[in-house]
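# Structural characterization, general
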Amino acid sequence: MTSVRILVIGRHAQILETVLRLINAQQAWKAIGALTDNEAREKFGRDNFDLVLIGGGVEEESERSLKNEFEKINPQIKMIRHYGGGSGLLFNEINEAILN
């Protein structure tokens, strides 16, 4: 089975670490994190992601800029925002994005 590849962008190291741990505990998902826009660009350009998850602390301007750049590389890329709210909400948001 092919894993769903997820790039998680967040500004808070401990929160990012927790989100990555939760996602990577799911057998069908593989997540990689980025704390800065430049790190996100570098990782997105190097790997094939199915989904980009934007975490708390990422400014709207950064999100728009990254979305524009990522869509030039992969027009089908899905980007969603996660503001917190527990693992159940996180899993539902990811599942919904994957299925739509």
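Within every chain, residues take consecutive numbers counted from 1 along the sequence as written. Restriction of local features to residues with pLDDT of at least 70 applies here, the model being predicted, together with a cutoff of 80 or more for giving and counting side-chain atom pairs; totals for whole chains, interfaces and linings are based on all residues. To get the side-chain values, take all heavy atoms of the structure and skip hydrogens and water.

Time to look at the side chain of Asn74. Checked against the element boundaries, Asn74 lands in the loop between α3 (60-73) and β4 (78-81). From its side chain, Asn74 meets the backbone nitrogen of Gln76 in a polar contact 3.0 Å long. Should any heavy atoms of two residues lie within 4.5 Å, those residues are counted as being in contact. Contact partners of Asn74, with chain neighbours within four places excluded, come to Phe44 and Phe49. For the purposes of this entry, the term helix denotes a DSSP run of H or I that reaches at least four residues, the term strand denotes a run of E that reaches at least two, and both are numbered from the N terminus. Counting of polar contacts relies on pairs of N or O atoms within 3.5 Å, with two restrictions inside protein: one atom must be capable of donating a hydrogen and the other of accepting it, and residues adjacent in sequence are counted only when both atoms are side-chain atoms.

Before going further, it helps to spend a moment on the pairing of strand β1 (residues 4-9). Moving residue by residue along a regular strand, the side chains alternate between the two faces of the sheet. Only protein chains enter the accessibility calculation, which uses a 1.4 Å probe; a residue is then buried when its area is under 20% of its type maximum, exposed when over 50%, and partly exposed in between. The element β1 is largely enclosed, with a buried count of six among its six residues. Neither face of β1 is left uncovered, since the one carrying Val4, Ile6 and Val8 and the one carrying Arg5, Leu7 and Ile9 both have all their residues buried. At least two DSSP bridges between two strands are needed for those strands to be called paired. Judged from the six bridges that link them, β1 and strand β2 (residues 29-34) form a sheet pairing that is parallel. Opposite Val4, over in β2, you have Trp29 as the bridge partner. Taken together, β1, helix α1 (residues 13-24) and β2 form a β-α-β motif whose crossover is right-handed. Examined bridge by bridge, β1 and strand β3 (residues 51-54) share four bridges and lie parallel to one another. When the sheet's bridge partners are listed, Ile9 is paired in β3 with Ile54. Handedness of a crossover: with both strands directed away from the viewer, a clockwise path from the first strand across the helix to the second marks it as right-handed.

Planes of paired rings set the category: under 30 degrees apart is stacked, over 60 is edge-to-face and the rest tilted, where pairs are Phe, Tyr or Trp rings (Trp by its six-membered ring) whose centres lie within 6.5 Å. Counted under the stated rule, the structure contains three aromatic pairs. Centre to centre, the rings of Phe44 and Phe49 are 6.1 Å apart; their planes meet at 15°, and the pair counts as stacked. The two residues Phe44 and Phe49 agree in class, both being buried. A ring pair is formed by Phe44 and Phe70, whose centres lie 3.9 Å apart and whose planes are at 10°; its orientation type is stacked. One end of the pair, Phe44, is in helix α2 (residues 37-46); the other, Phe70, is in helix α3, with 26 residues separating them in the sequence. For the pair shown, Phe44 and Phe70 are each scored as buried. Ring pairs connect the aromatic residues Phe44, Phe49 and Phe70, which therefore count as one cluster.

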